[in-house]
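# Residue-level structural notes
Each chain, written out:
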Amino acid sequence: MKHAMKYFLSICIIVLMLFSCGEKKEKMYPKKMPLTESVYASATVQPDSLYQAYSIVMGILDKNWVEEGDKVVKGDRILQITNTSPELNMENARLALQLARENYSGHAAVLSSIKDEIQAAELKLKNDSINYFRQKNLWDQNIGSKVEYDTRKLSYELSQNNLNLLKKKYSQTKNELETQLKQAENNYQTSLTTTNDFTITRKINGTVYALYKNPGEIVNTVEPVAAVGRSDKFIVELLVDEVDIVKLKIGQKVLITLDSYNSEVFEATLDKIYPRKDDRSQTFKVEALFTEPPATLYPGLSGEGNIIIAEKEETLTIPKEYLIDGSKVLTDNGEIEVTVGLQNLESVEILGGIDEKTAIYKPEP
């Protein structure tokens, strides 16, 4: 009997212990407080207008005019590629242009000799004209022979025809020489452009961030030779998950933390959204601009970004861990359906279902 009583007391103690443990569930009341909802993104700092410089010709890298980290202005030389063929082509084009100019307007020009022929033909025509009309007047008075009259007339007509032919020859030759001169000028300009192609220059003011080739190495048109970008302006590249991209708009505030600056928070503004998804990472790239950038920045600095999509100065909130199945809370009256609004990693906004006086309990894991 005593053993049965001891067993009964043990069971009661266990039940009481279980009951008392059940009564110790974490309880709290919803609170009104500020709430911000944001979208998380990984962040990387890059220079604005960063681009890879390519060569449009093949050759051997002869010289790097700059070093990595050098600041340059638009038009400055970055590197020089060696190839003798363009230089020879340029010299041939220059000689052809010089000859075309001399033929067109030089002292030994073809047109000058034709002009001389025209002047001689004009003098001959004038002389034949005088002789013809003099003989014609005599013939009209029945003076002289028919043979002499015909001879003078023929000489006059031949002189006219010869002068007309020379004028046509002059006009045709001038057009041909003008065309040859323009072609020679075009060929020479093309050769200059080709020669300049072997000198790669800076397109914008900024900094040379990388040189991928050393002197003596082969340069082709496929591989980049340098990376250049602005040094006075940096952007923040953010990778956003595809489920969050529809929440973003240009102009939204972005809070940036960089690993190099520990826990310091920098404010930025969302400036650009790229519309294409990266199939490998399943993310979208967006860009933000610093409101007040850090004093020192380098390409490739990494960190995290939170893009603010909604803010409320005061709203009813509960810890996110008290939410059951995304839309319920545990109260003294059991589980109650609630309407949720903004939420972040820690808190969730309650729009309806409970109020500040409703006690809620943390669900068991």
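Since we're looking at a predicted model, the values are computed, not measured. Per chain, residue numbering runs from 1 following the sequence as it is written. Where totals are concerned, whole chains, interfaces and linings use all residues; where local detail is concerned, this predicted model gives features only for residues with pLDDT of at least 70, and gives and counts side-chain atom pairs only at 80 or more. Excluding hydrogens and water, the side-chain figures rest on all heavy atoms present in the structure.

## Quick look at the environment of valine 236
In this text, helices come from DSSP runs of H or I with a minimum length of four residues, and strands from runs of E with a minimum of two, each type numbered from the N-terminal end. Note that valine 236 resides in strand 11 (residues 234-241). Taking C-alpha positions, valine 236 is 9.9 Å from proline 299, a pair spaced 63 residues apart along the chain. Contacts are assigned to residue pairs that have any heavy atoms within 4.5 Å of one another. If we skip the residues at most four places from it in the chain, valine 236 touches Ala43, Thr44, Ile256, Val286, Glu287, Ala288 and Phe290.

## What to know about unusual backbone geometry
Its identity is not glycine, yet glutamine 282 carries a phi of approximately 60 degrees, on the positive side. Along the chain, glutamine 282 falls in the loop between strand 13 (265-278) and strand 14 (283-290). Partly exposed describes any residue whose relative accessible area lies between the buried limit of under 20% and the exposed limit of over 50%, with all areas from a 1.4 Å probe on protein chains only and scaled to the type maximum. Relative accessible area serves as the criterion here: at 31%, glutamine 282 is assigned to the partly exposed category. Its identity as a non-glycine residue notwithstanding, aspartate 325 has a phi of 55 degrees, on the positive side. Mapped onto the elements, aspartate 325 comes out in the loop between strand 15 (302-319) and strand 16 (328-331).

## Digging into the sheet that holds strand 4 (residues 59-64)
Each pair of strands is called paired provided DSSP finds at least two bridges between the two strands. Taken in spatial order, the 4 strands line up as 7-6-4-9 in an open sheet, and their pairing is antiparallel. In this open sheet, the two strands that pair with only one neighbour each are strand 7 (199-201) and strand 9 (218-219). In terms of strand pairing, strand 4 meets strand 6 (residues 77-82) through 4 bridges, oriented antiparallel. Residue pairing for strand 6: lysine 63 is matched across the bridge by glutamine 80.

## Observations concerning the pattern of salt bridges
Note on definitions: salt bridges are taken to be side-chain nitrogens of Lys or Arg within 4 Å of carboxyl oxygens of Asp or Glu. Considering all chains together, one arrives at 11 salt bridges under this definition. For the salt bridge of lysine 312 with glutamate 349, the shortest nitrogen-to-oxygen distance reads 2.7 Å. With lysine 312 in strand 15 and glutamate 349 in strand 19 (residues 347-352), this residue pair connects regions lying 37 residues apart in the sequence. Relative accessible area serves as the criterion here: at 3%, glutamate 349 is assigned to the buried category. Each of Asp48, Arg230, Asp232 and Lys233 takes part in salt bridges that share partners, so that together they form one network.

## Digging into the packing of aromatic side chains
The aromatic pairing rule takes the rings of Phe, Tyr and Trp, using the six-membered ring of Trp, and pairs them if the centres are within 6.5 Å, calling planes under 30 degrees apart stacked, those over 60 edge-to-face and the rest tilted. Per the counting criterion, the structure on display carries 3 aromatic pairs. Relative to phenylalanine 266, the ring of tyrosine 261 lies with its centre 5.3 Å away and its plane at 85 degrees, an arrangement referred to as edge-to-face. Look at NZ for Lys and CZ for Arg. If either is within 6 Å of the ring centre and within 35 degrees of the ring normal, a charge sits over the ring. The lysine or arginine in question, arginine 77, covers the ring of tryptophan 65, its NZ or CZ lying 3.5 Å from the ring centre. In this arrangement the basic side chain of lysine 285 is found over the ring face of tyrosine 274, its NZ or CZ atom lying 4.5 Å from the centre.

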